[in-house]
Amino acid sequence: MMKDEIKEVLISEEEIQTKVRELGANLSKEYSDSFPLVVGVLKGAMPFMSDLIKRMDIHLEVDFMDVSSYGNEMVSSGEVKIIKDLNTSVEGRDVLIVEDIIDSGLTLNYLVELFHYRKAKSVKVVTLLDKPEGRKVDLTPDLAGFIVPDEFVVGYGLDFAERYRNLPYIGVLKPEVYQG
Ligand code: PRP
Ligand code: MN
Ligand code: MG
């Protein structure tokens, strides 16, 4: 079974759902006078985005972007390639970017700058997980669910080689799994 490959549950399903309700309530207040464009970053943000918007008791529009980091770790230019762009114009819109995790910050740094360049009225970021130790650029989310240590975490959208996204909790893999 997939769960036999998990060393430790870091954040349980219940803890996640409680936090998502709290974040949703905060965001409902934040955007009570707006009609925000909520942008999920594929693929990792998918489960969080799905749960979060159901806890936002306001009118909103959803859209998705798929991006991938260019090159390798030696290049910290923050260059990101757009795989799938938005279907919607962000001009004059309040944009809320939804992420599963911020590590180096390169992905979000690129998206925040892109949406400002495209004349969004405001750009904010909500992330379920924040890994501050991984940062390569100065980026602070407007809202974060949990701070995680510098460990390889999977589940609830986060993958290892595309697997484990469908775990309902955040866990740490057993070393033998990623050591082959
Ligand atoms: C992961 C994660 C974030 C990003 C965070 O996505 O979902 O989007 O990396 O890392 P960063 O802060 O160092 O940029 P990934 O590019 O692996 O794609 P995925 O969401 O499809 O797994
Ligand atoms: Mn991602
Ligand atoms: Mg990934």
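The numbering scheme is per chain: residues are counted from 1 as the chain's sequence reads. To label them, take the chains in the order written and letter them from A, then take the ligands in the order written and number them from 1. Whole-chain, interface and lining totals are the exception, using all residues; otherwise, since this is a predicted model, local features are given only for residues with pLDDT of at least 70 and side-chain atom pairs are given and counted only at 80 or more.

The name an unreviewed UniProt entry assigns to the chain is Hypoxanthine phosphoribosyltransferase, from the organism Anaerobacillus alkalidiazotrophicus. UniProt positions are given in the numbering used here, feature names are shortened, and annotations may be inferred rather than shown by experiment. UniProt's Sequence similarities (unreviewed entry) comment on the chain is quoted here verbatim: "Belongs to the purine/pyrimidine phosphoribosyltransferase family." The Cofactor (unreviewed entry) field of the UniProt record for the chain holds the comment "Mg(2+)".

Now for helix α1 (residues 13-30). Helix numbers and strand numbers start at the N terminus; a helix is a DSSP run of H or I with at least 4 residues, a strand a run of E with at least 2. Multiplying 1.5 Å by the helix residue count minus one yields the expected span of that helix. The first and last C-alpha atoms of α1 sit 25 Å apart over 18 residues, in line with the 26 Å expected at 1.5 Å per residue. Residues of α1 that are buried: Ile-16, Val-20, Leu-23 and Leu-27. Axial view of α1: buried residues confined to an arc of 70°, hence all on one face. Looking at α1, the residues exposed on the side facing more than 90 degrees away from the buried face are Glu-14, Thr-18 and Lys-29. Summarising the contacts, the buried residues of α1 are in contact with β1 (6-11), α2 (46-54), β5 (94-102), β6 (122-130) and β7 (143-147). Here a residue counts as buried when 20 or more other C-beta atoms sit within 10 Å of its C-beta, as exposed when there are 12 or fewer, and as partly exposed otherwise, the C-beta atoms being derived from the backbone. As used here, the arc belongs to the directions running from the helix axis to the C-beta atoms. By the criterion used throughout, residues are in contact when their C-beta atoms, derived from the backbone, lie within 7 Å.

Here the focus is the sheet that holds strand β9 (residues 170-173). Criterion used throughout: strands pair if DSSP finds at least two bridges between them. The sheet built from 3 strands is open, its strands ordered β1-β9-β8 with antiparallel pairing. Edge positions in the open sheet fall to β1 and β8 (153-154), since each of these has one partner strand only. In the sheet, β8 pairs with β9 via 2 bridges, with the strands oriented antiparallel. From the neighbouring strand, Val-153 faces β9, where its bridge partner is Val-172.

Attention now moves to the site of ligand 1. In this text, near has one meaning. A residue is near a molecule or strand if its C-beta atom, placed using the backbone, is within 6 Å of it. Around ligand 1 sit 16 residues, and of these Lys-43, Gly-44, Asp-103, Ser-104 and Thr-107 come closest. The set of elements that each furnish at least two residues to the shell around ligand 1 consists of β2 (37-42), β3 (61-69), β5 and α3 (106-117). By residue number, the principal contributor to the shell around ligand 1 is β5, which donates 4 residues. Here the nonpolar group is Ala, Val, Leu, Ile, Met, Phe, Trp, Tyr, Cys and Pro; Asp, Glu, Lys and Arg are the charged ones; every other residue, Gly included, is treated as polar. When its residues are assigned to classes, the shell around ligand 1 shows 5 nonpolar, 6 polar and 5 charged.

A word on the pairing of strand β4 (residues 80-84). Along a regular strand, successive side chains alternate from one face of the sheet to the other. In terms of burial, β4 is largely open, as just 0 of its 5 residues are buried. With 4 bridges connecting them, β3 and β4 associate as antiparallel partners. Considered in β4, the bridge of Asp-66 is made with Lys-84.

This part covers unusual backbone geometry. Backbone torsion omega between Leu-42 and Lys-43 reads -5°, so that peptide bond is classified as cis. Take Lys-43: it is sitting in the loop between β2 and α2. We note that Tyr-164 has phi near 75°; this positive angle belongs to a residue other than glycine. Among the secondary structure elements, Tyr-164 is positioned in the loop between β8 and β9.

On the secondary structure map, Leu-60 appears in the loop between α2 and β3. If we skip the residues at most four places from it in the chain, Leu-60 touches Phe-35, Pro-36, Val-38 and Ile-53.

A set of buried Ala, Val, Leu, Ile, Met, Phe, Trp, Tyr and Cys residues, joined through C-beta atoms within 7 Å, is what we mean by a nonpolar core. Grouped together as the largest cluster of nonpolar side chains are 41 residues, with contacts concentrated most on Val-39, Phe-48, Val-95, Leu-96, Ile-97 and Val-98. For this core, the elements supplying multiple residues, two or more each, are α1, β2, α2, β5, α3, β6, β8 and β9. Of all the elements, β5 adds the most residues to this core, at 6 residues. In this view, Val-98 contacts Val-38, Val-39, Gly-40, Val-41, Ala-45, Phe-48, Met-49, Leu-52 and Val-126; residues no more than four positions away in its chain are not counted.

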